[in-house]
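Single-letter residue listing:
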Amino acid sequence: MDCVFCKIAKGEIPSKKAYEDDQILAFYDLDPQAPVHILLIPKAHIASANELTEENSAVVSHIFLTAAKLAKELGLEKGYRIVNNCGEDGGQTVQHLHFHLLGGRSMKWPPG
Ligand code: AMP
Ligand code: ZN
């Protein structure tokens, strides 16, 4: 399958890793939108939040717990934002489920 995040998960495309275990990978975004901008992905291919099921969704909880740990390690005690873009209107450009961990600056609301 020609999926860039599957290739990153397998180490076929290099990334700057922030965390890795057998289920998930966290790596720095190539085009950071905040002083800290990390992507967290399941290693298994899930195309988007729309493809989550009772069987495969436990990884989302693991991703959120890991994001909170990374935020603490990286000194984001003033807060941070976790974003999932889903589908065309959501602004999803890579069709492999991922969560953006953004921090190190004050975030605006609503997002554009
Ligand atoms: P989204 O728009 O939510 O689908 O986010 C995709 C994100 O992946 C964007 O923020 C891109 O900058 C990022 N991205 C795409 N390719 C790579 C890559 N090879 N390494 C790191 N980040 C990437
Ligand atoms: Zn994939």
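In what follows, the structure referred to is the one given above.
Residues numbered from 1 in each chain as written. Chains lettered and ligands numbered in written order. Predicted model: local features only at pLDDT ≥ 70, side-chain atom pairs only at ≥ 80, totals over all residues. Heavy atoms only, no water.

Chemist: What am I meant to see in unusual backbone geometry here?
Modeler: With the exception of glycine, most residues fall at negative phi, and the peptide bonds are largely trans. A cis amide bond links Trp 109 to the next residue, Pro 110, at an omega of 0°. Secondary-structure assignment places Pro 110 in the segment after strand S5 (99–103). (Helix = DSSP H or I, 4+ residues; strand = E, 2+ residues; numbered from the N terminus.)

Chemist: Quick question: what am I supposed to make of the sheet that holds strand S4 (residues 80–83) here?
Modeler: With respect to topology, five strands assemble into an open sheet ordered S1-S2-S3-S5-S4, the strand pairing being antiparallel. Both edges of this open sheet fall to strand S1 (17–20) and S4, since each of them pairs with a single strand only. With strand direction ignored, the average angle separating the axes of adjacent strands in the sheet is 15°. Where strand S3 (residues 36–42) meets S5, five bridges bridge the pair, whose relative direction is antiparallel. What sits directly across from His 37, in S5, is Leu 102. Here helix H2 (residues 58–73) sits on the sheet in contact with S1, strand S2 (24–28), S3, S4 and S5, set at roughly 155° to S3. (Pairing = 2+ DSSP bridges. Axes fitted to C-alpha atoms, helices over the stretch in contact; angles between N-to-C directions. Contact = heavy atoms within 4.5 Å.)

Chemist: Can you walk me through the site of ligand 1 in this structure?
Modeler: Lining the immediate surroundings of ligand 1 are 15 residues, of which Asp 29, Asn 85, Thr 93, His 98 and His 100 lie closest. In the model, an oxygen atom of ligand 1 is placed 2.5 Å from a nitrogen or oxygen of the Asp 29 side chain. Taken by itself ligand 1 offers 500 Å² of open surface, and the protein chains cover 82% of this. Residue composition of the shell around ligand 1, by class: seven nonpolar, six polar and two charged. (Near = heavy atom within 4 Å. Polar contact = N/O pair within 3.5 Å; in protein donor to acceptor, adjacent residues only side chain to side chain. Areas by Shrake-Rupley, 256 points an atom, 1.4 Å probe, with all protein chains shown as cover. Nonpolar A, V, L, I, M, F, W, Y, C, P; charged D, E, K, R; others polar.)

Chemist: Help me understand the coordination of the zinc ion (ligand 2) in this model?
Modeler: Around a metal, the perfect tetrahedron of four donors has angles of 109.5 degrees, and the perfect octahedron of six donors has angles of 90 or 180 degrees. Note on the zinc ion (ligand 2): its protein donors are Cys 3 (SG), Cys 6 (SG), His 45 (ND1) and His 96 (ND1). The metal-donor distances range over 2.0 to 2.3 Å. Here the zinc ion (ligand 2) is ringed by four donor atoms whose angles at the metal span 106 to 116°, and the overall shape comes out tetrahedral. Donor residues for the zinc ion (ligand 2) sit on one chain with the sequence pattern C-x2-C-x38-H-x50-H. Within this pair, whereas His 45 is found in the loop between S3 and H2, its partner His 96 is found in the loop between helix H3 (87–90) and S5, the two being separated by 51 residues in sequence. The exposure class assigned to His 96 is buried, which follows from its relative accessible area of 0%. (Donors = N, O, S within 2.8 Å, 3.2 Å for Na, K, Ca; no water. Tetrahedral: all angles 85-135°; square planar, octahedral: opposite > 155°, others 65-115°. Buried < 20%, exposed > 50% of the residue type's maximum accessible area, 1.4 Å probe, protein only.)

Chemist: Which parts of the structure should I look at to understand the pairing of S1?
Modeler: For a regular strand, side-chain orientation follows a simple rule: the groups alternate between the two sheet faces. Summarising the sheet, S1 and S2 pair through three bridges and their orientation is antiparallel. Across the sheet, residue Lys 17 finds its bridge partner in S2, namely Phe 27. As consecutive antiparallel partners, S1 and S2 are separated by three residues.

Chemist: Explain the nonpolar core here, please?
Modeler: What tends to happen in soluble globular proteins is that the nonpolar side chains get buried as a cluster. One finds Ile 38, Leu 40, Val 59, Ile 63, Leu 70 and Leu 101 to be the most contacted residues of the largest nonpolar core, which totals 16 residues. Listing elements by their share of this core, those giving two or more residues are S2, S3, H2 and S5. Sorting elements by how many residues they give to this core places H2 first, with six residues. Not counting residues up to four positions away in its chain, the partners in contact with Val 59 are Gln 23, Ile 24, Pro 42 and Ile 46. By size, the runner-up hydrophobic cluster in this structure holds 10 residues, among which are Ile 8, Leu 25, Ile 41 and Val 94. (Core = buried A, V, L, I, M, F, W, Y, C linked by side-chain atoms within 4.5 Å.)

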